[in-house]
Amino acid sequence: MRVCVLGAGVAGLTSAYQLARDGHEVTILEGRDGAALEASFANGGQLSYSYVAPLADPSVLPHLPAWLLQSDSALRFVPRLDPQQWRWCLSFLLACRGERARQTAIEMLQLGALSRATLHDLVQREAIDFNYVRNGKLVVYRDANAFDAARRKMAYLQTAGSDQRALDAAACVALEPALERAQPLLAGGIHTPSEEAGDCHRFSVALADVLKTRYGVTIHYETPVHSFVTERGSAVAVRTPQGEWRADAFVVALGNGSAPLLRELGMRLPMYPLTGYSLTIPGAPGQAPRVSVTDLHRKLVYAPLGERLRIAGMVEIAGMHVAQRERRLALLKRQAQEIFPDAGDYAKAQTWCGHRPATPDSKPLIGATPYRNLWLNTGHGALGFTLACGSARVIADAIAGRTPPLDLGAYAWQR
Ligand SMILES: Cc1cc2nc3c(=O)[nH]c(=O)nc-3n(C[C@H](O)[C@H](O)[C@H](O)COP(=O)(O)OP(=O)(O)OC[C@H]3O[C@@H](n4cnc5c(N)ncnc54)[C@H](O)[C@@H]3O)c2cc1C
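Residues numbered from 1 in each chain as written. Predicted model: local features only at pLDDT ≥ 70, side-chain atom pairs only at ≥ 80, totals over all residues. Heavy atoms only, no water.

## Re the overall build of the protein
Our working definition: In DSSP terms, a helix is any run of H or I states spanning at least four residues, a strand is any run of E spanning at least two, and both are numbered starting from the N terminus. Taken over C-alpha atoms, the radius of gyration is set against a globule rule of 2.2 Å times the number of residues to the power 0.38. Any two residues having at least one pair of non-hydrogen atoms within 4.5 Å are treated as being in contact. Think of it this way: Lys and Arg go in the positive column, Asp and Glu in the negative one, and His and the chain ends go nowhere. Think of each charge as sitting on NZ of Lys, CZ of Arg, CG of Asp or CD of Glu.
Helix and strand counts for the protein come out as ten helices and 20 strands. Its C-alpha atoms give the protein a radius of gyration of 21 Å, near enough to 22 Å, the size a compact globule of 415 residues would have. Reported as C-alpha extents along the three principal axes, the dimensions of the protein are approximately 65 × 45 × 45 Å. Sequence separation of at least 24 residues holds for 76% of the intrachain contacts in the protein that already meet a minimum separation of 6. In the protein, which carries 44 positive and 38 negative side-chain charges, the distance between the mean positions of the two groups comes to 3 Å.

The structure is reproduced here in structure tokens:
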């Protein structure tokens, strides 16, 4: 079958990989002049399969007033005259209900586990280089109550198969000596040895190369998709400035471009961009962390990427418009230096601002649409790198008519 994948971010490229391995003739159409130049460019780099709990959780509700009022909060809401923003926020609040959040967390853990297994298989087969490390992750807490709550949650996650252990502040430093100067700030941490890290952009570029050279996939860059041509309930082609592209099936993996494109087909995807920032600094030999670290108090993540350290975080519900880029990046730098003052050369930081293509309940949209041969693999929010390989496997199974290893209904787009 001729399959056209729309989007060459990490979701589109991994989808193309699974489809090509199934023997389909795959073409990718991408608006930018290279792979992974949008959300997949300089993200946190964490492959965080056990930390996939949704952002929408009852525990966030007490923090909402602070988000609204503090300009320097990690999470910010910037109200706009945009009905999509208000609809998304309302759905987010509804998704915070306890039972729904718990069910979502279980479904995301299953997708995380599938993603890990699928990525391991890909790495073994293709031997691609993307600063991949199986280095474990340490989530550190500054507040004793938050640490106690995390320990309780850990006990619950262990019943779902997560291998984790709680460490006091000294044990955190013993595990990750780069935290030594931050020890007085720490109440403790949760260590998950099975977590991993890598450079999502390098992964995507290397995978694009593998797709072209080993699987005969054609990738057309600078080819923005403007609309679909449909006939009798099927998509037959997409329109681009270079002309129409016909295929037997289409996979929409356009990240933040997905909802605008599908709106003209009458499909309203519940997605909104959540802005975040990152710094990439040259790591100081012997001083930069080797374990991935999440500072839960600041909601910042740290991942070693070869000789570099990636620092990422902040969530702004403000649309694609970025009003305070330099101010937020300066704040990110200050907050990172609080915990890792000697980790690297902050003066040489490469800065980035990206937009997570997020659904209100954090679950990606994977599966069928009202159009017989039009499929979705989008809306991966804060976890697209982590969940890409599993999501790709699920969509390829669905297109092939195989029963996916997960309940597809959990990721279906609800009309
Ligand atoms: C600050 C930050 C930190 C993050 N940290 C992590 C992390 O540590 N771990 C993790 O797992 N995830 C993380 N994420 C999330 C992750 O980066 C995203 O979920 C993921 O990159 C989404 O991939 P995607 O392929 O769906 O979207 P994208 O990478 O945005 O790809 C979509 C592609 O579609 C193209 N496109 C859009 N519209 C059109 C059109 N009309 N025609 C043609 N092409 C089009 C775009 O150019 C783009 O290349 C982070 C995100 C941010 C912003």
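## Comments concerning the domain arrangement of the protein
Often, the extent of an interface is quoted as the loss of accessible area upon association of its parts. Note the cut-off: In this entry, domain limits derive from an automatic or database-based domain assignment. Here the quantity called buried area is the accessible surface, traced with a 1.4 Å probe, that two parts lose on coming together, added over both. Any carboxyl oxygen of Asp or Glu within 4 Å of a side-chain nitrogen of Lys or Arg constitutes a salt bridge here.
On domain assignment, one finds that the protein holds domain 1 (2-40 + 202-270 + 362-411) and domain 2 (54-101 + 132-194 + 271-358). Inter-centroid distance (C-alpha atoms) of domain 1 to domain 2 is 28 Å. Between domain 1 and domain 2, the contact holds 16 residues from the first and 15 residues from the second. The junction of domain 1 with domain 2 conceals about 1,200 Å² of combined surface from both sides, 55% of it contributed by carbon and sulfur atoms. Interface area lost by domain 1 to domain 2 is led by Asn256, Pro270 and Gly381, which between them contribute 36%. At the boundary of domain 1 with domain 2, the tally comes to zero salt bridges.

## Re the nonpolar core
Put simply, the test is: Definition of nonpolar core: a set of buried residues of the types Ala, Val, Leu, Ile, Met, Phe, Trp, Tyr and Cys, connected through side-chain atoms within 4.5 Å. Burial classes follow relative accessibility: with a 1.4 Å probe on protein chains only, a residue under 20% of its type's maximum area counts as buried, one over 50% as exposed, and anything between as partly exposed.
If you look at the biggest cluster of nonpolar residues, it comprises 51 residues, and the most contacted ones within it are Leu13, Leu19, Ile28, Leu119, Phe203 and Leu211. The element contributing the most residues to this core is helix H10 (residues 384-400), with nine residues. Beyond its immediate chain neighbours, meaning those up to four positions away, Leu13 contacts Gly7, Ala8, Ile28, Ala35, Ser204, Leu207, Ala208, Leu211 and Ile219. Leu179, Ala182, Tyr302 and Leu329 belong to the second-largest nonpolar core, a separate cluster that totals 30 residues.

## Observations regarding the site of the ligand
Heads up, the rule is: Proximity criterion: a residue is near a molecule or strand once any of its heavy atoms comes within 4 Å of it. Contacts described as polar in this section are N or O atom pairs within 3.5 Å, which, within protein, must combine one atom able to donate a hydrogen with one able to accept it, while residues neighboring in sequence count only if both atoms come from side chains. All accessible-area figures derive from a Shrake-Rupley calculation using a 1.4 Å probe, and residue coverage is judged against the displayed protein chains alone.
The full set close to the ligand counts 35 residues, and Glu30, Ser40, Gly44, Gly381 and Thr386 are the nearest of them. In this structure, Gly44 approaches the ligand through a main-chain N or O atom, which is 2.8 Å from a nitrogen atom. Protein chains shield 93% of the accessible area of the ligand, which is 1,000 Å² for the free molecule. Of all elements in the fold, only helix H1 (10-21), strand E14 (272-282), strand E18 (350-358) and H10 reach the threshold of two or more residues within the shell around the ligand. Sort the elements by how many residues they give to the shell around the ligand and E18 lands first, with five residues.

## Observations concerning the layout of surface pockets
Quick reminder of the rule: Space inside and on the surface of the protein is sampled on a 1 Å grid over the protein atoms alone, with a cavity defined as a set of points where a 1.4 Å probe fits but cannot get out and a pocket as an open set with protein on both sides within 12 Å along at least 5 of 7 lines; lining residues have an atom within 4 Å of a point. Grid points are joined across faces, edges and corners, and a volume is the space filled by probe spheres set on the points. All residues other than Ala, Val, Leu, Ile, Met, Phe, Trp, Tyr, Cys, Pro, Asp, Glu, Lys and Arg, Gly among them, are scored as polar; the first ten of these are nonpolar and the last four charged.
For the second largest pocket, the calculated volume is near 450 Å³. Taken together, 23 residues form the lining of the second largest pocket, with Arg100, Pro270, Pro360, Asp361 and Gln414 sitting closest to its centre. For the lining of the second largest pocket, the secondary-structure elements that each account for two or more residues are helix H3 (83-95) and helix H4 (98-126). No other element matches the five residues that H3 contributes to the lining of the second largest pocket. Along the lines of polarity and charge, the residues of the lining of the second largest pocket split into twelve nonpolar, five polar and six charged. Counting residues domain by domain, the lining of the second largest pocket receives three or more from each of domain 1 (2-40 + 202-270 + 362-411) and domain 2 (54-101 + 132-194 + 271-358).

## Regarding the sheet that holds strand E11 (residues 234-240)
Rules: One requirement defines pairing of two strands: DSSP has to find at least two bridges between them. The axes are straight lines fitted to the C-alpha atoms, using for helices just the contacting stretch, and the angles between their N-to-C directions are given from 0 to 180°.
If you trace the three strands from one edge of the open sheet to the other, you get E10-E11-E12, paired in antiparallel fashion. Since the sheet does not close on itself, it has two edges, and those belong to strand E10 (227-231) and strand E12 (243-246), each with one partner. Ignoring strand direction, the axes of neighbouring strands in this sheet form an average angle of 30°. Sheet analysis places E10 next to E11, joined by five bridges and oriented antiparallel. Bridge pairing links Ser227 to Arg239 in E11.

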